[in-house]
Amino acid sequence: MTEQRHELRAEAAGAEKQDADALSPRVRLRDRDAELRSAEAAVEKLCREFAAGGTEIGELLTFSGRPGIGKTSLLHEVRRIAKLREGATVLFARGGERQFNEPYHVLRQLLQPVLGDLAPDEFRQVMGTWEEVVGPAMGLKQPKSGARRLDPQGVRDGLDYVLTQLAPRRAPLVMIVDDLHWADLESLGWLTQFAVRARELPVLLVFAYREDAADWQPEAQDQRCAVTGLATRRHELSRLSLVSVTDMIRAEFGAKAEDSFCYEFWNVVNGNPYEAVALLDQVRDQALEPVEENSQQLRELAVDATGMTLKRWLDRLGATTLRFAWAAAMLGTDIRPELAARISTQSAEGSRESIKQLRRQRVLTQTPNGNLEFVHPLIGSSIYNTMPESTRTGMHGVAAAEIENAGLGLLAASRHLVETFPGEGDDRTVRKLRRAAQEHLMIGAPEAAQRCLHRALAEPPDDEDRAEVLYELGCSALLTDPGATVNQLRLALDPDEGPLRPALRVDATFRLSEVLAHSGQLGEAARVCQEEAEQTVGDPAGRLRLEAASFMWHAYRKSEEDGPGRSERLGALCRSLTGREAADRAVLALRAWDLTLRGEPSAEVLRHADQVLDQGRLPKGLGWTDNTWGFELPATLGLSYTYSDRIAQAERLFGDAIVQFEVAGWSGAHRGFAYFLMGLARFRRGLLAEAEDFLRRALRLSERIGPKLPLAWDAVGVLVDTLIARGRINEAWELASGFGFSPPYHETAMVLPDAASLYGKLLLAKGRNAGAAAALTQAGAQLDARGWHNTVWAPWAGHLAIALAQDEPDSARAYAERSVRDARRFGTASAIGTALRLHAQIEDGQQAVELLEQAVRHLGQSPAGYEHAVALVELGAALRRVGRLEDAQEYLYQGIELAQHCAADGLVEQARRELANYGLRPNRLADVREILSQPEWDVARLAVRGLPAQRIAEELGVHLSLVNRRLAAVYRKAGSGPDGLASALGMPPEQPGSAD
């Protein structure tokens, strides 16, 4: 077959010029001057602005129209124009009607050539940390043994990174996609997403597609609308003019073509270029004179020309050649002649003759790499649609086998396997489809995996395998379609569907519970785990896994019939542990979180939590991307550290989560939850601007997955708290209102207290104390019923005391004192300090001062920067009210500085007003000596002595560039240049000559 390819190339070299000369009048672009000018202008603008140093110069150019209107010919001309520009890189791909279900088919055409040509070092630079995600998806490398399945969004994010690295290196970059309406969904989804980002890069996107929505796959309609809306230059191709069609006819038949004949011809084809060429062929083949009296025959000929039936193709090509054409149509684009020959069961000589005839008939043409393609996609569609159903499915089976035999792999073969007839119960076919599904998951193509598994179920599999296939089908949709996952996993667990191995029953139950929990059905998630655990015998580890999962989902619920009882059972289970296996550590992590919620001494919380880790890191089996336990277990552990004032440890865990999810290509709920956790930790530390950034990222990822998922509720809850802390009360109110944080409350968030607690705090910030009291009272009753008394996680009692202070002072004082008692029981500095601060708000005079002084002392020993800043400002205000103005000023200044560090703008303004209202200076000039680092101070002292930078470097034994950087920092902080530095630093200037 290799020899045949060489022969075909040799024949093509001699035939191409003749073919081109014969076809040039027919394929020449007509009536497309405006479109070509637009394309030339877009390419010119890209190249000109890139040469001038521009980067954010990308745009999207689209051509649309009905089938056969000339989009493909126009794109060929655009390619030619772009290739003529020196330095431009042109990438091209075409969607294929037969390859619509082949994942990343279009993107591989676009990117494989350019990425495959990169030198190894440059390839690594372009890929970055995404090599194990993008490489397999683009067919550039095999997934590593034991690799995890990829999240489709992770692949898209990885491709974004790769293109942002590639584009400047190969700029200006022109990316052209023909027949976008037939692009596979994986490619189309990324192209639509990238079209937005391409504006920031030196990239010109050029897309051609059919405008009629009926020509697009139903799943692609949203992308179609998005692409249309993003185009900066949009062109809908119109039909050819009468003059152009007349020129085409007379180029074929000469001046003898009469005007009336040409007019009727134009009417018949309605100005469609493809139909015009096809009808010209018919007129020539029928030796029809182009005169008026023959005009009436044109409509009949047009039916034959464009509506090729099986009989018509048989008459035109013959049975043997038609069979080769069928094989080619099945392969779609970039057709390997030797592969088509084997699928059509033709010898090398026979296939060579078939190719010659198909070229003469202008059905196939040859590409520069020796492969074949249809002269026009409509011809390929016409030939494929003439195949009898039995022949088509039979040849798909042959194609699957031959593709696999050719070493092209199951991924390529599976497209044909799913088109074969089911019902034979062929175990070999089922095994292949299941293996293909796993390979699809390894490149981030779950929909393709599901097609394979649905086809495997239709085969059908053996009775003992059916439940396992259902389990695999359910897991394949885990990251993309929660509803499908629930349905398939329930079927897999149904005894009527056949037996499921015990280990898989445990895993299927756990996966089912995960999806239910992430969809907000926490009670149902806990129930299915508990019921399956009770039926799991002979597998202690599996039983413990399910029991632990049941405890975990209950812990995330906001209401439960027997919360204290569940806590006691979890404690008993924890005490019964004898080992240090992953399951034992999982139970310890859950117990730590349970103790955190109950407000038990934090020393006990940390004793359990520390037993989970190995030298400060998660042990094997409990990692963030571990398939056995999921990310909820390490998240639970990190939350225990977060609320126990071990925020640095929590941040290390959450930082690892973000990195691991990015490396694994998990860009959906997993990474969103990691962003949420890091945002929560930053909020607890008081780094409010960073917290807001992480939380908004989490919210964006959640909304990309689905509306108002538990992740979104958690992210919004902490974001509302963050906005309140930053003084943006109205913005916080609007956000909370938009997500329904108001009565009637629903069980929505997984990590935060119930919505009533947050709503009450928000009402309190708005000054609506009566409504706040009602909401907080409801929240307290629910939390008390669960036995959850942690005042850091849910400070409802302290806030309720403030809401009641004016109308019910005795009740207010009781709640405040209770909050302090619960905080002292938990024992962390931030818990005690915050409870004391809230208590002080309902007291006056010296009592308030004493409470706030205690709060400041405690919070000064905690990592809760924002809470400390609030306590400082409130203590300053309280001291002012009792007449201690000098002390008040000092605390207010400290509060301002810390609030500025926290980005708590509202608190800064509050402190400044407090100062200004009583004649104190709102802004204290900082002593520059306090804000210079020790290395900067060392450089400054020598500079004041008059030493030049080189001498300073020699004195200190550091590099000159480092001295210059430190000097720049000194001048900036001191607000002075070299001449006034001594004065700015409060140092006596050196006497002349002392520097020597």
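Look up: the structure comes first, before these words.
Heads up: these notes are all about the structure in this document. Remember, it's a predicted structure, so these values are computed and weren't measured experimentally. (Residues numbered from 1 in each chain as written. Predicted model: local features only at pLDDT ≥ 70, side-chain atom pairs only at ≥ 80, totals over all residues. Heavy atoms only, no water.)

A closer look at the overall build of the protein chain
Right, so step 1: Secondary structure assignment for the protein chain yields 50 helices and seven strands.
Right, so step 2: In terms of its C-alpha atoms, the protein chain occupies a principal-axis envelope of roughly 110 × 85 × 55 Å.
Right, so step 3: For the protein chain, restricting intrachain contacts to residue pairs at least 6 apart in sequence, the fraction spanning at least 24 positions comes to 69%.
Right, so step 4: Within the structure as shown, the protein chain displays about 41,200 Å² of accessible surface, and the carbon and sulfur contribution to it stands at 48%.
Right, so step 5: Of note, the protein chain has its 117 positive side-chain charges centred 2 Å away from the centre of its 139 negative side-chain charges. (Helix = DSSP H or I, 4+ residues; strand = E, 2+ residues; numbered from the N terminus. Contact = heavy atoms within 4.5 Å. Areas by Shrake-Rupley, 256 points an atom, 1.4 Å probe, with all protein chains shown as cover. Lys, Arg positive; Asp, Glu negative; His and termini not counted. Charge placed at Lys NZ, Arg CZ, Asp CG, Glu CD.)

Observations concerning the side chain of D721
Right, so step 1: Residue placement: D721 occurs in helix 35 (residues 710–725).
Right, so step 2: Since its relative accessible area comes to 17%, D721 is described here as buried.
Right, so step 3: A distance of 2.6 Å separates the side chain of D721 from the side chain of K761, its partner in a polar contact.
Right, so step 4: Setting aside residues up to four positions removed in sequence, D721 forms contacts with F683, L758 and K761. (Buried < 20%, exposed > 50% of the residue type's maximum accessible area, 1.4 Å probe, protein only. Polar contact = N/O pair within 3.5 Å; in protein donor to acceptor, adjacent residues only side chain to side chain.)

Thoughts on empty space enclosed by the protein
Right, so step 1: Under the criterion given, the structure shown has four cavities of 30 Å³ or more.
Right, so step 2: Approximately 80 Å³ is the volume found for the largest cavity.
Right, so step 3: Residue lining of the largest cavity: P67, G68, I69, G70, K71, T72, D179, H181, R210, H376, P377 and L378, and that is the complete set.
Right, so step 4: Elements with a contribution of two residues or more to the lining of the largest cavity: helix 3 (71–83) and helix 18 (377–385).
Right, so step 5: One number sums up the size of the second largest cavity: a volume of about 60 Å³.
Right, so step 6: As for the second largest cavity, its lining consists of W788, H789, N790, T791, A794, W796, A797, R818, S819 and D822.
Right, so step 7: The dominant element in the lining of the second largest cavity, judged by the number of residues it contributes, is helix 40 (residues 809–826), at three residues.
Right, so step 8: Grouping the amino acids of the lining of the second largest cavity by side-chain chemistry returns four nonpolar, four polar and two charged. (1 Å grid on protein atoms, 1.4 Å probe; cavity = no way out; pocket = protein on both sides within 12 Å on 5 of 7 lines; lining within 4 Å. Points joined across faces, edges and corners; volume = space filled by probe spheres on them. Nonpolar A, V, L, I, M, F, W, Y, C, P; charged D, E, K, R; others polar.)

Observations regarding the pairing of strand 4 (residues 203–210)
Right, so step 1: For strand 4, the tally of buried residues reaches eight of eight residues, placing the bulk of the element in the interior.
Right, so step 2: Alternating residues of strand 4 divide into V203, L205, F207 and Y209 and L204, V206, A208 and R210, and every residue in both groups is buried.
Right, so step 3: Note: strand 1 (residues 59–65) against strand 4, seven bridges, orientation parallel. Its bridge partner being in strand 4, S64 is matched across the sheet by Y209.
Right, so step 4: For strand 3 (residues 173–178) and strand 4, the ladder comprises five bridges, and the chain directions are parallel. Within the sheet, the bridge partner assigned to V174 lies in strand 4 and is L204.
Right, so step 5: In this fold, strand 3 hands off to helix 8 (residues 185–197), which returns the chain to strand 4; that crossover is right-handed. (Pairing = 2+ DSSP bridges. Right-handed = clockwise from strand over helix to strand, strands pointing away.)

A few points about helix 43 (residues 865–881)
Right, so step 1: Under the 1.5 Å per step criterion, the end-to-end length of helix 43 is 25 Å for 17 residues, consistent within 8% with the ideal 24 Å.
Right, so step 2: For helix 43, the buried fraction is high: 16 of the 17 residues fall into the buried class. (Expected span 1.5 Å × (residues − 1).)

A closer look at the pattern of salt bridges
When the charged atoms of two side chains with opposite charge come close together, those side chains can pair.
Right, so step 1: Evaluated as defined, the whole model comprises 74 salt bridges.
Right, so step 2: Here E102 and R415 are joined by a salt bridge, their closest N and O atoms 3.1 Å apart. Highlighted residues: E102 in the loop between strand 2 (89–94) and helix 4 (105–116) and R415 in helix 20 (residues 409–417), separated in sequence by 313 residues.
Right, so step 3: Looking at R415, the relative accessible area reads 10%, which means it is buried.
Right, so step 4: Each of E692, R696, R726, R728, E731 and D905 takes part in one network of salt bridges that share partners. (Salt bridge = Lys/Arg side-chain N within 4 Å of Asp/Glu carboxyl O.)

Structural notes on the packing of aromatic side chains
Right, so step 1: Evaluation of the coordinates by the stated rule reveals 17 aromatic pairs.
Right, so step 2: With a centroid separation of 6.2 Å and 80 degrees between ring planes, the pair formed by W624 and F661 is classed as edge-to-face. Remark: F661 occurs in helix 32 (residues 647–664) and W624 occurs in the loop between helix 30 (602–612) and helix 31 (632–643); sequence separation between them is 37 residues. Take W624 and F661: they sit in the same class, and that class is buried.
Right, so step 3: Summarising the aromatic geometry, the rings of F673 and F676 are spaced 5.6 Å apart at their centres and angled 45 degrees between planes, so their arrangement reads as tilted. Note that F673 and F676 are positioned in helix 33 (residues 669–685) at a spacing of three residues, about one turn of the helix.
Right, so step 4: On the basis of relative accessible area, F676 is assigned to the buried category, the value being 0%.
Right, so step 5: The cationic tip of R545 hangs over the ring face of F510; the distance from NZ or CZ to the ring centre is 4.4 Å. (Phe/Tyr/Trp six-rings, centres within 6.5 Å; stacked < 30°, edge-to-face > 60°. Lys NZ or Arg CZ within 6 Å of the ring centre and 35° of its normal.)

With respect to helix 29 (residues 582–598)
Given 3.6 residues to a turn, an α-helix orients residues that are three or four positions apart in the same direction.
Right, so step 1: For helix 29, which comprises 17 residues, the first-to-last C-alpha distance of 24 Å matches the rise-based estimate of 24 Å (1.5 Å per residue) to within 8%.
Right, so step 2: Within helix 29, 16 of the 17 residues are buried, which leaves the element mostly enclosed by the surrounding structure.
Right, so step 3: Of the residues flanking the end of helix 29, it is G599, one or two places downstream, whose phi is positive at about 75 degrees.

Structural notes on the sheet that holds strand 3
Hydrogen bonds between backbone atoms are what pair the strands of a sheet, whose relative direction is either parallel or antiparallel.
Right, so step 1: Taken together, the five strands give an open sheet; going across it, the order is 2-3-4-1-5, and neighbouring strands pair in parallel fashion. Unpaired on one side and paired on the other, strand 2 and strand 5 (233–236) mark the two borders of the sheet. With strand direction ignored, the average angle separating the axes of adjacent strands in the sheet is 10 degrees. (Axes fitted to C-alpha atoms, helices over the stretch in contact; angles between N-to-C directions.)

As for the environment of A650
Right, so step 1: With respect to the element layout, A650 can be found in helix 32.
Right, so step 2: On the accessibility criterion, A650 (0% relative accessible area) is buried.
Right, so step 3: Taking the C-alpha atoms as reference points, A650 and A635, separated by 15 residues in sequence, lie 9.0 Å from one another.
Right, so step 4: Beyond its immediate chain neighbours, meaning those up to four positions away, A650 contacts G638, Y641 and T642.

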